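Descriptive structure summary
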Amino acid sequence: MKKNALKHVLTISKNCISKKNGTKGVFSALRFFSPAGSGGSPRAVPEGRPRPGGEQSTTAVIVLKKSFPAQDFRLPPAPGYDKIPPRLPLEKVYFAASRVFNALRSFCGDMLREFNTARQPPLERARALLDETAVVLGLNYNALLGVMMGDLDGEYRPAHCVRTTILALLTGLQFGLSPERVRNLGLSAMFCDVGMALLPDISDCPHPLTPPAEGGADALRQHPVLGLGCLAHNVRCREILRGIAEHHERVDGTGYPVGLSGERISLAGKILAVADNYDALICVHPHSEPLPPHLALARLRCLGGAAFDRDVLEHVIRCLGAYPVGSVVETDGGRRAVVVGNSPDTPLQPVVRPLRSFSENAAGPDAFRVQRAERITTVFPLSGQWSWA
């Protein structure tokens, strides 16, 4: 172990984290650090004491191997921006969020595998899942975002479909779209890549700006058209079809398949373009190194007004928060903490819970109270950046 490695002790159940479970287990462990009561002290289980259900707890050490500087997104506070403020604490919504996420992932995996033979989109099941997802987002969207950010190393295409759908739904809700339009936006996100199922010889692309090698770019750029051609027989809603057709268009006219620009691109197309590219930048993929979420947002922001719509970008950054749930951060006071919540009103000041470090003496309950971070200086993303001491 490196001398200067940053180590934090988490008291967790033995089954929470394993090499198999990866970061999903890490996030599961972190939710046990919720307040036990009004005093705000951590509800961690002492080492060796059985947890409810018979599992034994143990103490694990996470070594954070990389760090990244914080970014200045220059987004001022916007009181009243949040149109779906959390109605329940994150820990009370976590299991519902996990269930919905797993159902979406299973649905998208089956749909993408079977689409090249069935060609019949399961629209009723898709609508039901989207309605369930919208309900969970309304209870506490940070819970579902946390589950989403803990699953960046799954099978690329289905997981990419799920994360794009969740982010599109959340953005639509924060835009104040009607329930029907939010559902249509979710359907566009779910089915936007079905054309890829018709291109079995084209390897997955890390993101649309990096086309595959050996002349595959021309075929890849036709996947929105291929998907549209198959879905148009069953999907009659023009808004859904436009979202699918335009999710690779760019506001400066450099996108594909048509090269639309500016206001000729629908709101659904603009939202899906940002959601699709953001997820492609942060996910684990064999052809590219994933970026930490805050650096991916910073890269997209640099393209605002050129490739992506500025207003949509600002909404997405405020929805996710500059530092998504599950990120480990360091504040300007030198304390390290895990992000447990974000608010679009103050996207640069996440709600954090300080982590106990080996270098700290025993502290009172107030030392680990949930609090809003005034200023973030360093980020230690969990995805792919941790190991055991």
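This part takes up the pairing of strand β5 (residues 336-341). Within β5, five of the six residues are buried, which leaves it mostly tucked inside the rest of the structure. The antiparallel hairpin formed by strand β4 (residues 328-331) and β5 contains four residues in its connecting segment, where Gly-334 sits at a positive phi of about 90 degrees. Sheet topology places β5 next to strand β6 (residues 351-354); four bridges connect them, and they run antiparallel. Bridge pairing links Val-338 to Arg-353 in β6.

The next point concerns the pattern of salt bridges. A full pass over the atoms with the stated rule returns twelve salt bridges. A salt bridge links Glu-239 to Arg-181, with the shortest nitrogen-to-oxygen separation between them at 2.8 Å. Here the residue Glu-239 occupies a position in helix α8 (residues 238-246), and Arg-181 occupies one in helix α5 (residues 179-191), the gap between them amounting to 58 residues. Looking at Arg-181, the relative accessible area reads 35%, which means it is partly exposed. If you follow the salt bridges from partner to partner, you end up with Glu-263, Lys-270 and Asp-309 in one network.

Moving on, we come to the nonpolar core. If you look at the biggest cluster of nonpolar residues, it comprises 84 residues, and the most contacted ones within it are Leu-137, Ile-166, Met-190, Phe-191, Leu-231, Tyr-278 and Leu-320. Element by element, the count of residues in this core is highest for helix α3 (residues 123-149), at 14 residues. Aside from chain neighbours lying at most four places away, what touches Leu-320 is Leu-145, Met-148, Leu-167, Tyr-278, Leu-297 and Asn-342. Counting six residues, the second largest nonpolar core, distinct from the first, contains Val-338, Val-340, Val-351 and Phe-380.

In this section: the environment of Gly-334. Inspection of the secondary structure puts Gly-334 in the loop between β4 and β5. The class of Gly-334 is partly exposed, set by a relative accessible area of 40%.

So, about the packing of aromatic side chains. According to the stated counting rule, one finds one aromatic pair in the structure shown. Here Tyr-94 and Phe-95 contribute two aromatic rings whose centre-to-centre distance is 5.6 Å and whose plane-to-plane angle is 75 degrees, an arrangement assigned as edge-to-face. Among the residues examined, Tyr-94 registers a relative accessible area of 7% and is labelled buried. For the cation-ring pair, Lys-83 lies above Tyr-81, with the distance from its terminal atom to the ring centre recorded as 5.4 Å.

Parameters and conventions
Residues numbered from 1 in each chain as written. Predicted model: local features only at pLDDT ≥ 70, side-chain atom pairs only at ≥ 80, totals over all residues. Heavy atoms only, no water. Buried < 20%, exposed > 50% of the residue type's maximum accessible area, 1.4 Å probe, protein only. Helix = DSSP H or I, 4+ residues; strand = E, 2+ residues; numbered from the N terminus. Pairing = 2+ DSSP bridges. Salt bridge = Lys/Arg side-chain N within 4 Å of Asp/Glu carboxyl O. Core = buried A, V, L, I, M, F, W, Y, C linked by side-chain atoms within 4.5 Å. Contact = heavy atoms within 4.5 Å. Phe/Tyr/Trp six-rings, centres within 6.5 Å; stacked < 30°, edge-to-face > 60°. Lys NZ or Arg CZ within 6 Å of the ring centre and 35° of its normal.

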